[in-house]
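Observations on the three-dimensional arrangement
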Amino acid sequence: MLRLGILGSGKGSNFTAILEAIDSGALAAEVAMVISDRENAGILETARSRNLPARFIDPGESRSRLSSEAEANVIASLKEAGAELIVLAGFMRLIRQPLIDAFPRRIINIHPSLLPKFRGLAAWQQALEAGETETGCTVHYVDSGMDTGEILAQRRVPVLENDTAETLHARIQEAEHHLLPSVIAEVFAR
Ligand code: GRF
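Before going into details, it helps to say that this report is about the structure given with it. (Residues numbered from 1 in each chain as written. Predicted model: local features only at pLDDT ≥ 70, side-chain atom pairs only at ≥ 80, totals over all residues. Heavy atoms only, no water.)

Focus: the pairing of strand β4 (residues 85-88)
Alternating positions in β4 separate into two faces, Leu85 and Val87 on one and Ile86 and Leu88 on the other, with burial throughout. In the sheet, strand β1 (residues 2-8) pairs with β4 via four bridges, with the strands oriented parallel. Bridge assignment links glycine 5 to a residue of β4, and that residue is isoleucine 86. Inspection of the sheet shows β4 paired to strand β5 (residues 107-111) by three bridges, in the parallel sense. Bridge assignment links leucine 88 to a residue of β5, and that residue is asparagine 109. (Buried < 20%, exposed > 50% of the residue type's maximum accessible area, 1.4 Å probe, protein only. Helix = DSSP H or I, 4+ residues; strand = E, 2+ residues; numbered from the N terminus. Pairing = 2+ DSSP bridges.)

A short note on the site of the ligand
For the ligand, the full set of nearby residues is Gly10, Lys11, Gly12, Ser13, Asn14, Gly90, Ile110, His111, Pro112, His169, Gln173 and Glu176. Within the backbone of asparagine 14, an N or O atom sits 2.8 Å from an oxygen atom of the ligand. Measuring from an oxygen atom of the ligand, one finds a backbone N or O atom of proline 112 at 3.4 Å. Alone, the ligand offers 360 Å² of accessible surface; in the complex the protein occludes 89% of this. (Near = heavy atom within 4 Å. Polar contact = N/O pair within 3.5 Å; in protein donor to acceptor, adjacent residues only side chain to side chain. Areas by Shrake-Rupley, 256 points an atom, 1.4 Å probe, with all protein chains shown as cover.)

Digging into the pattern of salt bridges
One pass over the structure, following the stated rule, counts seven salt bridges. In this structure, the salt-bridge partner of aspartate 23 is arginine 50, at a minimum N-O distance of 3.0 Å. Placement of aspartate 23 in helix α1 (residues 13-24) and of arginine 50 in the loop between α2 (42-49) and β3 (54-56) is noted, with a sequence separation of 27 residues between them. Among the residues examined, arginine 50 registers a relative accessible area of 38% and is labelled partly exposed. With a shortest N-O distance of 3.1 Å, glutamate 132 and lysine 117 are connected by a salt bridge. Of the two residues, glutamate 132 sits in the loop between α5 (123-129) and β6 (134-141) while lysine 117 sits in the loop between β5 and α5, which places them 15 residues apart along the sequence. (Salt bridge = Lys/Arg side-chain N within 4 Å of Asp/Glu carboxyl O.)

Put into structure tokens, the structure is as follows:
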């Protein structure tokens, strides 16, 4: 059984989609550890409500990365838990080289655009403002850049005429909830 380490900062709807895929038998994996840089993140609540190992790790001073100490803690927690594939499911920080080197080609991220278009924050808003008629989501390997790692898979969604940032983001998230568990199942849990 593939042991997953999950990192998230937010509500954790992608994590919930992973749990549903595991429950339904579509994904042969188990959750070894969930880590968040935000103490009150929904993703930690979801993990705890299922009695899954969940930890808040104080990120330190930087807004964009974990402190070196925090990242060392993350690595130690993931290793101790026996995590084999690390999934960034709405983790809002860049990863440093030691974490990347600790799990070579075993860290993936879900991003709400068709990369390489619209890297960084609020990618759905960027797509809307650019007047795209189509956008989507991407699962990619994580490197030390911002949304720059090798692409594993993408799923397209239309941008509709009356879309707001909210409606478009919701449509992209629905696509994410299909794409992320299916990539984990097809590429890593075989
Ligand atoms: C997703 O839209 C993902 O693409 C981005 O962060 C969001 C996380 O949402 N990286 P959730 O916490 O999984 O609901």
